[in-house]
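Below are the chains, spelled out letter by letter.
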Amino acid sequence: MKSSLKTPLYKLADLISGLDVTLQGDPNCLIGGVSPIQQSQPGHITFLTNSLYRKYLATTQASAVILTEDDAASCTVNAVISHNPYFTYAKIAAFFAEQAEMTVGIHPTAVIGIHCQIDASAVVGANCVIGNNVKLGAHVVIGHGSVIGDGVEIGEATQLDARTTIYHKVKIGQRSRIASGAVVGSDGFGFANQKGVWHKVPQLGSVEIGDDVDIGANTTIDRGAVENTIIGNGVKLDNLIQVGHNVCIGENTIIAGGVAIAGSVVIGKNCMIGGTSSFAGHITISDHVMITGMTAVTKSIREPGVYSSGIVGAVTNKEFRKNNARFHRLENLIQRVKTAELALKELTERNKS
Amino acid sequence: MKSSLKTPLYKLADLISGLDVTLQGDPNCLIGGVSPIQQSQPGHITFLTNSLYRKYLATTQASAVILTEDDAASCTVNAVISHNPYFTYAKIAAFFAEQAEMTVGIHPTAVIGIHCQIDASAVVGANCVIGNNVKLGAHVVIGHGSVIGDGVEIGEATQLDARTTIYHKVKIGQRSRIASGAVVGSDGFGFANQKGVWHKVPQLGSVEIGDDVDIGANTTIDRGAVENTIIGNGVKLDNLIQVGHNVCIGENTIIAGGVAIAGSVVIGKNCMIGGTSSFAGHITISDHVMITGMTAVTKSIREPGVYSSGIVGAVTNKEFRKNNARFHRLENLIQRVKTAELALKELTERNKS
Amino acid sequence: MKSSLKTPLYKLADLISGLDVTLQGDPNCLIGGVSPIQQSQPGHITFLTNSLYRKYLATTQASAVILTEDDAASCTVNAVISHNPYFTYAKIAAFFAEQAEMTVGIHPTAVIGIHCQIDASAVVGANCVIGNNVKLGAHVVIGHGSVIGDGVEIGEATQLDARTTIYHKVKIGQRSRIASGAVVGSDGFGFANQKGVWHKVPQLGSVEIGDDVDIGANTTIDRGAVENTIIGNGVKLDNLIQVGHNVCIGENTIIAGGVAIAGSVVIGKNCMIGGTSSFAGHITISDHVMITGMTAVTKSIREPGVYSSGIVGAVTNKEFRKNNARFHRLENLIQRVKTAELALKELTERNKS
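Residues numbered from 1 in each chain as written. Chains lettered and ligands numbered in written order. Predicted model: local features only at pLDDT ≥ 70, side-chain atom pairs only at ≥ 80, totals over all residues.

Here the focus is the overall build of chain A. Counting secondary structure elements, chain A contains 5 helices and 40 strands. Relative to the globule expectation of 20 Å for 353 residues, the C-alpha radius of gyration of chain A, 27 Å, shows a markedly less compact shape. In terms of overall dimensions, chain A has a C-alpha envelope of 95 × 65 × 35 Å along the principal axes. Residues counted as buried form 55% of the 353 residues belonging to chain A. The long-range fraction of contacts in chain A, counting pairs at least 24 apart against all pairs at least 6 apart in sequence, stands at 21%. (Helix = DSSP H or I, 4+ residues; strand = E, 2+ residues; numbered from the N terminus. Rg over C-alpha atoms; globule rule 2.2 N^0.38 Å. Buried ≥ 20, exposed ≤ 12 C-beta atoms within 10 Å, placed from the backbone. Contact = placed C-beta atoms within 7 Å.)

Shown next, in the form of structure tokens:
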């Protein structure tokens, strides 16, 4: 974010209006952008949420810093004191986010089906294809080149970026956001084997997506086999995530990039799932579970807590080869210990006698 | 699937017509939908394929249940007795699958190249772009917003969902289905290093996809470097799978979501590959191999069987940290066992003397 | 590549013109295509870069072989002698790569914003949507169905395949190539938790992509949170890769398919990253690091070298289950060794006395 003639300037007092913060400094200070604390510049606001960056506070060039009360004393510029500086930053940064200007209404190149109910305040981008019986609420945005199937319903203020696909009958709540390339409602992966040949099992369910859900770029969410796949309110999904059929993800759970969730998995509320973790099918994860990145989850988890799997952490390839060899010789080691134990027992008894 | 005025009703006798099943009950019973056995409702048919759900059989509200002969005696409603209830379910459920209504012919917004042979019964959706010299067989469906390259040939009754990309010269058989966002025929990942800089190696091959193949959402299949990448008849690929250049996948092999297959891998027929498994390049997997999910396959597998790798299964992060520490101290443990063995030997000899 | 009437024939002398090679044989030999050495045919040129294939050299049907000086003596046909046969092959194969014929200029179905600067030699495909203030350099190609956001700048001779998305303000250098389905500049995954609810953190940065970069099919690159995500010159990214916000990838680094890179990771120059490896956030990888496939990188790597992690290599599921059991009983083994050591010590002392 470079400052430029076009960037508006905001009074600090206006940026924090309505937020649960205390200002230490000049409410009339003009702010034109944000920058990271280690590279901040005059006229910008920055934030301190990570103790590793505390060393930059004393010399920051920023005009204001969002921080906790503990750090406020060390702040020589305007301080916005918050119990949750990152949340406060999120609210203030929104002033500097550029909104793509999309013209309200249906672009003349869009193809619209019959019996649709499209709110007059909605945006349907260029080259979109909207099926029959589609309902788009107020202020919905359908990005350019998106394809929306028959009977889809999208709630107020939900925004789809360019080139998304929403299959037939999927329902999406309010204020949700779907990034480019995401596919929602493709058929679940169900095949019945008969004499060595796989036969498609029709996927009769759909997908229900709640309010305030975020779905990342090129993420895929399959429709249910019989019942629906369900993504709860406030769920946040990163890019390139696979959500199998009949998965249920509880409210306010957040899942990082590259995670794969097999069919019929139930994940609770307020979970945090690290990147590239995998879930085997038909398992249940309770509320408030944190799974660290790269974890292979193969069984249900019944208790809140932090869980991980496997051997992680890169070592030199030489060490790795040795580790693998040692690992695959574990049985040999166990046998040697057994042999030693027996020999010891014998010796000990002989010594006793 | 809610019952509604629009849902057609079928006589049980009609639903099972032509299937290798025995009916125990009323052939005139009317069925209007399917539901899972634990939540079944009157007027619906359900199925019992998993012994975990047997407990629901006695109290099911369904009007009919598909099950094996062993379970038929416990069934108090109409019973469709099958050697393979899941396959029977797949056939019956097809009656209740909604077909998207796409108008036969080429949508006026589609852009069509020269010298194409598009069967009169084919569907080309809105905003598609079809290259030159493309052949589309009878009843082919090209979903909205798809892009089909020059010289592509697609066999009878194959269906591409919305927003797929088929690069030039790719050939696809009959009755195959490709989900939204899939990309078939992008360049393989080939670069030659000259003095630290990577130079593109032209990818001169193509992709051949057989009959009855399923390809999931956002899956990518690269074209071959010199010869073709080949996907055999009856292969089923889930979402977000990467298939590298010159891979060959044998007939009726099924691969779950998130699997990555490096270049020149050969996978046999009738294999089952679990989700998020990875294959190193240039290896060969024989027929009838099952790879469990999350497996790292680094060498060829010559014998049928079930294979797995690594340490899977999430444990508490505390336990995980201890496991990792123990693992990385294995060498130390081995040395300690060696030392103990030597001491034992010495003691034993001394005791003998 | 079948020979056909349409395939042009080239004199060997013309194919090697300008390359740092020596010809052993007939410069007027006509070449009409390439084939792999084990299946080569008359009229084709092939190459020998892998010692596993040396056995085919004596009997090759090819009209010419690209190889090193060491292999030239064994070559009975025309030999193109090179220090780097694979690089030489890449250059020669380019003669036989088919170019998709795209008509220069803006397709009438494309939708173009205001204030764009589109070079007269550029190609904008059918059904593309180009935002406002977009700059496209000479010979740029925008594939059919692509969506380019406001303020995007794309340098000379860069080519985007069909159905790519470039979000607003992204900058792409010269001679880069982006495959179908790739998404560049979607919002980074940033959310601040306030009382259990996740609030979006605006992503104010963008993405800068250098010259000669390749980006694979359905790969996703997020825009930065405050500053930009940066992909250096000459970087090669395969398919289905996730690049988080604020990642920096150094020049000439090559990354295979399915890799996931969490936010704020810095990867050095000239690195090679194997497929499906994962990088935890906020770590730094130095120049000239090779990471083997399927590696979980959780800490910074400061020294050049080859690195790996975990237990790889598929074994039978039975062996795998035993390995997992042994692994999870390591603590037990350690305790047994401890006990044996104590008993030994006691015995030894008793024997001394």
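This part is about the environment of Gly143 of chain B. All names here are of chain B. Looking at the element boundaries, Gly143 is found in the loop between strand E14 (141-142) and strand E15 (147-148). For Gly143, a count of 25 C-beta atoms within 10 Å translates into the label buried. Note: C-alpha distance between Gly143 and Val213 (70 residues apart in sequence) is 17 Å. Apart from residues no more than four positions distant in its own chain, Gly143 is found in contact with Gly125, Leu160, Asp161, Ala162, Arg163, Thr164 and Ser180.

Here we come to the relation of the copies chain A and chain B. With an RMSD of 0.1 Å, the fit of chain A onto chain B corresponds to turning through 120° and sliding 0.0 Å along the axis. On this basis, the relationship between the two copies can be described by a three-fold rotation axis. (Least-squares fit on C-alpha atoms with pLDDT ≥ 70 in both.)

Time to look at the confidence of the model for chain A. All names here are of chain A. The share of residues in chain A with pLDDT of 70 or more is 97%, and the mean pLDDT across the chain is 94. Note that pLDDT drops below 50 for residues 1-5; the model gives that stretch 8 contacts with residues more than four away or on any other chain. On the interface metric, ipTM, the complex scores 0.94, and its pTM is 0.95. (pLDDT = per-residue confidence, 0-100.)

At the junction of the two partners, chain A supplies 64 residues and chain B supplies 64 residues. Of all the elements in the fold, those that place two or more residues in the side of chain A that touches chain B are strand E21 (183-186), strand E22 (191-194), strand E23 (197-200), strand E26 (220-222), strand E38 (296-297), strand E39 (305-308), helix H4 (317-328) and helix H5 (330-352) of chain A. If you tally residues by element for the side of chain A that touches chain B, the top one is H5 of chain A, at 8 residues. Split by residue class, the side of chain A that touches chain B holds 30 nonpolar, 24 polar and 10 charged. (Nonpolar A, V, L, I, M, F, W, Y, C, P; charged D, E, K, R; others polar.)

Further remarks concern the pairing of strand E7 (residues 78-82) of chain C. Residue and element names in this part refer to chain C. Of all 5 residues making up E7, 4 are buried, and the element is well covered by its neighbours. Both strand E2 (residues 21-24) and E7 contribute to a ladder of 4 bridges, which runs antiparallel. Bridge pairing links Leu23 to Val80 in E7. Bridge count between strand E6 (residues 64-67) and E7: 4 bridges; the pairing is parallel. Residue Ile66 lies in a different strand from E7, and its bridge partner there is Val80. (Pairing = 2+ DSSP bridges.)

Residues and elements named next belong to chain B. Tracing the backbone through its elements, the reader meets Gln41 in the loop between strand E4 (33-34) and strand E5 (44-47). Sequence separation between Gln41 and Gly305 is 264 residues; the distance between their C-alpha atoms is 41 Å. Every residue in contact with Gln41, bar those within four places of it in the chain, is listed here: Ser35, Gln61 and Ala62.

Another point: the interface of chain A and chain C. Between chain A and chain C, the contact holds 64 residues from the first and 64 residues from the second. Among the elements of the structure, helix H3 (85-93), strand E40 (315-316), H4 and H5 of chain A are those that each provide at least two residues to the side of chain A that touches chain C. Grouping the amino acids of the side of chain A that touches chain C by side-chain chemistry returns 32 nonpolar, 26 polar and 6 charged. As judged from the 2 bridges shared by E40 of chain A and strand E39 (residues 305-308) of chain C, these two strands associate in the antiparallel manner.

With respect to the helices and strands, the residue Val21 of chain C is situated in strand E2. Among all residues touching Val21 of chain C, those that are not within four sequence positions of it are Ile16, Val80, Ile81, Ser82 and Thr88 of chain C.

Residue and element names in this part refer to chain C. Spatially, 10 strands are ordered E9-E12-E15-E18-E21-E26-E29-E32-E35-E38 in an open sheet, and the strand pairing comes out parallel. Each edge of the open sheet carries a strand with a single partner, namely strand E9 (111-112) and strand E38 (296-297). In terms of strand pairing, strand E35 (residues 278-279) meets E38 through 2 bridges, oriented parallel. The residue bridging Phe279 from the neighbouring strand is Val297, located in E38.

Attention shifts here to the sheet that holds E26 of chain A. Residues and elements named next belong to chain A. Taken in spatial order, the 10 strands make up an open sheet running E9-E12-E15-E18-E21-E26-E29-E32-E35-E38, and their pairing is parallel. The strands lining the two open edges of the sheet, one partner per strand, are strand E9 (111-112) and E38. With 2 bridges connecting them, E26 and strand E29 (residues 242-243) associate as parallel partners. Bridge pairing in E29 links Thr220 to Gln242.

What follows covers unusual backbone geometry. Despite not being glycine, Ser264 of chain A has its phi angle at roughly 65°, a positive value. Tracing the chain through its elements places Ser264 of chain A in the loop between strand E32 (260-261) and strand E33 (266-267). Take Ser264 of chain A: there are 19 C-beta atoms within 10 Å of it, and that puts it in the partly exposed class. You will see that Asn270 of chain C, though not glycine, has its phi angle at about 55°, which is positive. The topology assignment puts Asn270 of chain C in the loop between strand E33 (266-267) and strand E34 (272-273).

Let us now look at the packing of H5 of chain A against helix H5 (residues 330-352) of chain C. The N-to-C vectors of H5 of chain A and H5 of chain C enclose an angle of 30°; their axes lie 10 Å apart at closest approach. In terms of axis orientation, H5 of chain A runs roughly parallel to H5 of chain C. In this structure, H5 of chain A meets H5 of chain C at a crossing whose hand is left-handed. Contact residues: Ile334, Val337, Ala340, Glu341, Leu344, Leu347, Thr348 and Asn351 of chain A in H5 of chain A; Leu333, Arg336, Val337, Ala340, Ala343, Leu344, Leu347 and Arg350 of chain C in H5 of chain C. Here the residues of the contact of H5 of chain A with H5 of chain C are counted per class, giving 11 nonpolar, 2 polar and 3 charged. (Axes fitted to C-alpha atoms, helices over the stretch in contact; angles between N-to-C directions. Parallel < 35°, antiparallel > 145°, perpendicular 65-115°, else oblique. Left-handed = near helix turned anticlockwise from the far one by under 90°.)

You can read the domains of chain A as domain 1 (10-96), domain 2 (164-307) and domain 3 (317-352). Placing a centre on the C-alpha atoms of domain 2 of chain A and another on those of domain 3 of chain A gives a separation of 44 Å. (Domains from an automatic or database assignment.)

In this section: H5 of chain A. With 23 residues, H5 of chain A extends 33 Å between its outermost C-alpha atoms, agreeing within 8% with the 33 Å of an ideal straight helix rising 1.5 Å per residue. Among all positions of H5 of chain A, only Leu330, Leu333, Val337, Ala340 and Leu344 of chain A are buried. In this structure, the buried residues of H5 of chain A make contact with H4 of chain A, helix H5 (330-352) of chain B together with helix H4 (317-328) and H5 of chain C. (Expected span 1.5 Å × (residues − 1).)

Residue and element names in this part refer to chain B. Of the two faces of E5, the one carrying His44 and Thr46 and the one carrying Ile45 and Phe47 are both buried. Sheet topology places E4 next to E5; 2 bridges connect them, and they run parallel. Across the sheet, Val34 pairs through a bridge with Ile45, a residue of E5. Inspection of the sheet shows E5 paired to strand E6 (residues 64-67) by 3 bridges, in the parallel sense. Opposite Thr46, over in E6, you have Val65 as the bridge partner.

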